[in-house]
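Next come the chains, spelled out residue by residue.
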Amino acid sequence: MLLTMSLTSSLNSLTLSTPFLHGRTQLSHLSKPTSSLSLRPSKPFTFLSPIKAMKSMQGKVVCATSDKTVAVEVTRLAPHPKYKRRVRKKKKYQAHDPENQFKVGDLVQLEKSKPISKTKSFLAVPVPARNKKEKKEGEEGRVGSQELGIPLESEQELQA
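Bear in mind that the values here come from a model prediction, so they are computed numbers and not experimental data.

K.L.:
What should I look at first to understand the pairing of strand S1 (residues 57-63) in this one?
P.N.:
Put simply, side chains in a regular strand alternate between the two faces of the sheet. Examined bridge by bridge, S1 and strand S4 (residues 107-112) share 4 bridges and lie antiparallel to one another. The partner of Lys 60 across the bridge, within S4, is Leu 107. Sheet analysis places S1 next to strand S2 (residues 69-79), joined by 3 bridges and oriented antiparallel. Considered in S2, the bridge of Lys 60 is made with Glu 73. As consecutive antiparallel partners, S1 and S2 are separated by 5 residues, and within that stretch Lys 68 has a phi angle of approximately 60°, a positive value.

K.L.:
Would you explain the environment of Val 62 in this entry?
P.N.:
Its place among the elements puts Val 62 in strand S1. In this structure the C-alpha to C-alpha distance between Val 62 and Leu 107, which are 45 residues apart in sequence, comes to 9.9 Å. Look past the residues within four positions of Val 62 in its chain and what remains in contact with it is Ala 71, Glu 73 and Val 104.

Reading the values: rules and limits
Residues numbered from 1 in each chain as written. Predicted model: local features only at pLDDT ≥ 70, side-chain atom pairs only at ≥ 80, totals over all residues. Heavy atoms only, no water. Pairing = 2+ DSSP bridges. Helix = DSSP H or I, 4+ residues; strand = E, 2+ residues; numbered from the N terminus. Contact = heavy atoms within 4.5 Å.

Below is the structure:
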């Protein structure tokens, strides 16, 4: 009996230093683990992401009959869900063309902007021209003859 009394008195004298006893801990500490990354104040969440970070797309103008609007068809390659082969997928977007400068068949770049109407949230921008080597009129035949080392019949007639 003396032994049990000494044990109970020693247990009563012990105090546990955990903050989880008797609900002294706030629920916010229990729900999230603390780390060095979570101690930084987080930025407020915004619904609109920066427009410059949005991907721009390229496509071909399909329809330009509407005023200040062009329909642009964008083609992308996506894997087939079953066969895993890359398949062309096409989608049409309505884009804003303020000066009506684009005609059917033009190559344009679509850039994300704030919604202009119910269906338009892209701006049509002309694609920068690629640097192509322009052939002169007389070079076309000569290029083939230089590769072979044999003059072509048309060149032989010109020389004679």
